[in-house]
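A closer look at the structure
Spelled out, the chains give:
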Amino acid sequence: MNKIFKTLLIFISLLLLLNCSFKPILKQQDFKYSVMINKIEGNKQVNKLIINNFNKLKNDKYKSYNLEIISEKNKKIISKDSKGDPKIFEVSLIVEYKVLSNDEVLVDKRIVRTNTYDNISDKFELEQNEKIITENLVKNIFNYITLSISSINNDS
């Protein structure tokens, strides 16, 4: 009886998920525009991550927007322990960007994203954590920029 109930519950759950407009969160979005980065300056690591994210938005069949980006990455110590060793770090990314179409500036904004993290004794692991945090912050900035371009593209 219990096995029949579980099977029926799974079947109904799958049926409901298939019939609603459920879409996986991590599914690749279908952008209706193309983005070309004309100018990019600043932190090389951040710029490389930004370029990798925007490479998927190159498509000749849609309207094209040009992007100019200036990035900056700052790392500072937020607190220290009693010995004076760093205890908590903060990494912040500052990205100024302009969206252009036909040499007309459509968007000119500055984005600041920060994250704090604890110091750990293993410096390799600390470096890897900082790299992951930077990647996540860049992804957040990429989503913000694409959202602003999408809103422009939908208004046109």
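Structure's up top.
Here goes a summary of the coordinates provided. (Residues numbered from 1 in each chain as written. Predicted model: local features only at pLDDT ≥ 70, side-chain atom pairs only at ≥ 80, totals over all residues. Heavy atoms only, no water.)

Describing the nonpolar core
For clarity, the threshold we go by: Nonpolar cores are built from buried Ala, Val, Leu, Ile, Met, Phe, Trp, Tyr and Cys residues. Side-chain atoms within 4.5 Å join them into one set. Partly exposed residues are those whose accessible area sits between 20% and 50% of the maximum for their type, while under 20% is buried and over 50% is exposed, using a 1.4 Å probe and protein chains only. Numbering of helices and strands runs from the N terminus, with a helix taken as a DSSP run of H or I at least four residues long and a strand as a DSSP run of E at least two residues long. Residue contacts are defined here by distance: any two heavy atoms, one from each residue, within 4.5 Å place the two residues in contact.
Within the largest apolar cluster, 28 residues are counted, with the highest numbers of intra-cluster contacts made by Phe54, Leu67, Tyr97, Val99 and Ile145. Sorting the residues of this core by element identifies strand S1 (33-42), helix H2 (44-54), strand S2 (63-80), strand S3 (86-101), strand S4 (104-118) and helix H3 (123-155) as the ones contributing at least two each. No other element matches the 9 residues that H3 contributes to this core. The residues contacting Ile145, other than those within four sequence positions of it, are Phe54, Leu67, Tyr97 and Ile111.

Looking at a nonpolar patch on the surface
What counts here: Patch definition: residues above 30% relative accessible area lacking any salt bridge, with like charges linked at up to 9 Å and the nonpolar side chains Val, Leu, Ile, Met, Phe, Trp and Tyr linked at up to 5 Å. Only the protein chains shown count as covering a residue, and every accessible area follows the Shrake-Rupley method with a 1.4 Å probe. Should a side-chain nitrogen of Lys or Arg be within 4 Å of a carboxyl oxygen of Asp or Glu, the pair is scored as a salt bridge.
On the surface, a cluster of nonpolar side chains totalling about 300 Å² of accessible area is made up of Leu8, Phe11 and Ile12. Turning to its location among the elements, Ile12 is positioned in helix H1 (residues 2-19). A relative accessible area of 39% places Ile12 in the partly exposed class.

Section: the side chain of Thr134
Cut-off, in case you're wondering: We call two N or O atoms a polar contact when they sit within 3.5 Å, provided that within protein one can donate a hydrogen and the other can accept it, with sequence-adjacent residues counted only if both atoms are side-chain atoms.
Looking at the element boundaries, Thr134 is found in helix H3. Its relative accessible area of 0% is what places Thr134 among the buried residues. Among the polar contacts listed, one links the side chain of Thr134 to the side chain of Lys73, at a separation of 3.2 Å. Polar side-chain contacts of Thr134 include one of 2.8 Å to the backbone oxygen of Glu130. If sequence neighbours within four positions are ignored, Thr134 has contacts with Gln45, Val46, Leu49, Lys73 and Leu93.

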